[in-house]
Amino acid sequence: MLNIVVGGFYGDEGKGKIVGYLAVKDNFDFVVRAGGGPQAGHTVIEGKKVTQIPSGFINPNSRLLIARGTIINPEVVLDEIEKYGVGDRVGIDYGCTIIEQKHIEQEKELVKRIGSVGTGTGPARADRVLRKARIAKEIYSLKPYLTDVADEVNEAIKKGKKVLIEGVQGYALSLLDHKFYPYVTSQDTTASQFAADVGIGPKTIDDVLVVYKAYASRVGIGPMNFEWDEEKRKKYGIEERGTVSGRLRRLGDFDLDLARESLIRNTGTQAAITCIDRLFNGNSGIKKFDELTEEAKKFVNRIDYFLRKSSPYFKGIKIISTGPNLEDTIDLR
Ligand code: GTP
Ligand code: MG
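Residues numbered from 1 in each chain as written. Chains lettered and ligands numbered in written order. Predicted model: local features only at pLDDT ≥ 70, side-chain atom pairs only at ≥ 80, totals over all residues. Heavy atoms only, no water.

Draft legend 1. Representation of the overall build of the chain. Counting its regular elements, the chain contains eleven helices and 16 strands. If you take every contact in the chain between residues at least 6 apart in sequence, the share linking residues at least 24 apart comes to 74%. Element-wise, carbon and sulfur atoms account for 50% of the exposed surface of the chain, whose accessible area totals about 14500 Å². In the chain, 50 side chains carry a positive charge and 46 a negative one; their mean positions are 2 Å apart. (Helix = DSSP H or I, 4+ residues; strand = E, 2+ residues; numbered from the N terminus. Contact = heavy atoms within 4.5 Å. Areas by Shrake-Rupley, 256 points an atom, 1.4 Å probe, with all protein chains shown as cover. Lys, Arg positive; Asp, Glu negative; His and termini not counted. Charge placed at Lys NZ, Arg CZ, Asp CG, Glu CD.)

Structure follows, in structure tokens:
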């Protein structure tokens, strides 16, 4: 069984918590981080953040793989491995592209121009395209962890193991999208891209779970529909800062058109909605749909109805997150 989790908006939808929840609840044998680089931070539970190792580390039974399409900073990976004590179950693909100091320097221009996070991910990928980047198998300190992730995952599928692929960022940051370009990341951020990043074919995918936040959020500059002004920010009382950048995030209403587009282009089969408790008072920690407030139920039902009409592959909103802890979850599967 193989599932992919992707972001439906601009990233930071709460994929870290959703992946952590699924890794534990469904006891995935493998959790694979696909795509992005150390610019993409995930918060699994409060105080437990990762940027390179999979959010599934929270399940001690899961093998943790970093796919070849992921850009890595060896120092950052090794720090996270040590911090969470997961050295015996991490595998890093031989082919991962390496970030060097010069890439971080080169990104300063992108930070100014398009609001990049500044971790060197884009310039390292550019060097990969130019066939001059270093790759993981050249890095001595990564040696104990090196593996062929594509082989491991394809073998796991053959054996009927459970594999969860964790995509990064969100649909609207896709490099090839014309509406958001150039305020995008250095690759596409869709299920197909993440599958390619791992080295698996389209037929291997059973479910694609698209994660939306109950409101939209965006770090840095670039187009954003229905952005909140000062008054609306005050009304909801929500303030967010970037996991890696620490920058104040821009916030906006749930964008139905963007949600539909990302559902269709990912062939999303299921969806999760996070942070319902932040948007509507009285829903914190709720575990049953019936116990949500009327306005929260109406909000979720309206989106569910709209998305079901939008795609023949979509089976419904299956997970609703009502707080930062893994238990703060309504599971409708
Ligand atoms: P991804 O990049 O998508 O993995 O998400 P992130 O970790 O960058 O998301 P975000 O920064 O938006 O999440 C930040 C905080 O929200 C973290 O502290 C999470 O623990 C917390 N969080 C996640 N889901 C929920 C939720 O449903 N309700 C509340 N109140 N907090 C949540
Ligand atoms: Mg994030």
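Draft legend 2. Local environment of the pairing of strand 14 (residues 270-274). In terms of burial, strand 14 is largely enclosed, as five of its five residues are buried. Of the two faces of strand 14, the one holding Gln 270, Ala 272 and Thr 274 and the one holding Ala 271 and Ile 273 are both buried throughout. In the sheet, strand 11 (residues 207-213) pairs with strand 14 via five bridges, with the strands oriented parallel. Bridge pairing in strand 14 places Lys 213 opposite Thr 274. Where strand 14 and strand 15 (residues 317-321) come together, three bridges link them in parallel fashion. Looking at strand 15, one finds that Ala 272 is bridged to Ile 319. (Buried < 20%, exposed > 50% of the residue type's maximum accessible area, 1.4 Å probe, protein only. Pairing = 2+ DSSP bridges.)

Draft legend 3. Structural view of the site of ligand 1. Residues in close proximity to ligand 1 total 21 residues, the closest being Gly 16, His 42, Thr 43, Asp 277 and Ser 321. The separation between an oxygen atom of ligand 1 and a polar main-chain atom of Gly 16 is 2.8 Å. For ligand 1, an oxygen atom lies 2.6 Å from a polar atom in the backbone of Thr 43. Computed on the free molecule, ligand 1 has an accessible area of 650 Å², of which 93% lies beneath the protein chains in the complex. Here ligand 1 occupies the second largest pocket. Mapped onto the shell around ligand 1, the elements with two or more residues apiece are helix 1 (15-25), strand 3 (42-45) and helix 10 (276-279). Looking at the shell around ligand 1 residue by residue, the classes come out as two nonpolar, ten polar and nine charged. (Near = heavy atom within 4 Å. Polar contact = N/O pair within 3.5 Å; in protein donor to acceptor, adjacent residues only side chain to side chain. 1 Å grid on protein atoms, 1.4 Å probe; cavity = no way out; pocket = protein on both sides within 12 Å on 5 of 7 lines; lining within 4 Å. Sits in = over half its atoms within 2 Å of the grid points. Nonpolar A, V, L, I, M, F, W, Y, C, P; charged D, E, K, R; others polar.)

Draft legend 4. View of the coordination of the magnesium ion (ligand 2). Around the magnesium ion (ligand 2), the donor atoms from the protein are Asp 12 (OD) and Gly 41 (O), and they sit 2.0 to 2.2 Å away. You can see Asp 12 sitting in the loop between strand 1 (2-7) and helix 1 and its partner Gly 41 sitting in the loop between strand 2 (30-33) and strand 3, a full 29 residues away along the chain. Overall, the relative accessible area of 12% leaves Gly 41 in the buried class. (Donors = N, O, S within 2.8 Å, 3.2 Å for Na, K, Ca; no water.)

Draft legend 5. Molecular detail of the nonpolar core. By size, the foremost hydrophobic cluster in this structure holds 60 residues, and its most contacted members are Ile 165, Tyr 212 and Ile 276. In terms of residue count, helix 11 (residues 294-310) provides more of this core than any other element does, six residues in total. If we skip the residues at most four places from it in the chain, Ile 276 touches Ala 214, Asn 283, Leu 292, Ala 296, Phe 299, Val 300, Ile 320 and Ser 321. Membership of the second largest hydrophobic core comes to 34 residues, among which are Tyr 21, Val 50, Ile 53 and Leu 164. (Core = buried A, V, L, I, M, F, W, Y, C linked by side-chain atoms within 4.5 Å.)

Draft legend 6. Representation of a nonpolar patch on the surface within the structure. Together, Leu 175, Leu 176 and Tyr 181 give the surface a local cluster of nonpolar side chains, amounting to about 340 Å² of exposed area. For Tyr 181, the location among the structural elements is in the loop between strand 10 (163-166) and helix 7 (191-198). Owing to a relative accessible area of 53%, Tyr 181 belongs among the exposed residues under this scheme. (Patch = residues over 30% accessible without salt bridge, like charges linked within 9 Å, V, L, I, M, F, W, Y side chains within 5 Å. Salt bridge = Lys/Arg side-chain N within 4 Å of Asp/Glu carboxyl O.)

Draft legend 7. Here's a closer look at unusual backbone geometry. Note that the residue after Tyr 181, namely Pro 182, is joined by a cis bond; omega there is 10°. Position of Pro 182 among the secondary structure elements: in the loop between strand 10 and helix 7. One non-glycine residue with positive phi stands out, namely Cys 275, at about 60°. Note that Cys 275 resides in the loop between strand 14 and helix 10.

Draft legend 8. The sheet that holds strand 7 (residues 90-93), seen in detail. An order of 9-7-5-2-10-1-11-14-15-16 is seen for the ten strands of this open sheet, with the pairing classed as mixed. Each end of this open sheet is capped by a strand with a single partner; those strands are strand 9 (146-147) and strand 16 (329-331). Note: strand 5 (residues 63-66) against strand 7, three bridges, orientation parallel. Residue Leu 64 lies in a different strand from strand 7, and its bridge partner there is Val 90. Contacting strand 1, strand 2, strand 10 and strand 11, helix 7 runs over the sheet at an angle of about 125° to strand 1. (Axes fitted to C-alpha atoms, helices over the stretch in contact; angles between N-to-C directions.)

Draft legend 9. Quick peek at the pairing of strand 3. Looking at chain direction, strand 3 and strand 4 (residues 48-50) are connected through three bridges and run antiparallel. Following the sheet pairing, His 42 is matched in strand 4 by Val 50. Between strand 3 and strand 4, which pair antiparallel and follow one another directly, the connecting turn spans two residues, one of which, Gly 47, has a positive phi of 85°.

Draft legend 10. Examining the layout of surface pockets more closely. When its volume is computed, the largest pocket comes out at roughly 820 Å³. Lining of the largest pocket is provided by 42 residues; of these, Ser 116, Gln 169, Val 184, Thr 185 and Ser 186 occupy positions nearest its centre. Of all the elements in the fold, those that place two or more residues in the lining of the largest pocket are helix 4 (108-114) and helix 5 (121-129). For the lining of the largest pocket, the element with the most residues is helix 5, which contributes six residues. Per-class residue counts for the lining of the largest pocket are 17 nonpolar, 17 polar and eight charged. Lining the second largest pocket are 28 residues; nearest its centre among them are Gly 14, Thr 43, Arg 249, Cys 275 and Arg 278. Looking at the lining of the second largest pocket, the elements with two or more residues in it are helix 1, strand 3 and helix 10. (Points joined across faces, edges and corners; volume = space filled by probe spheres on them.)

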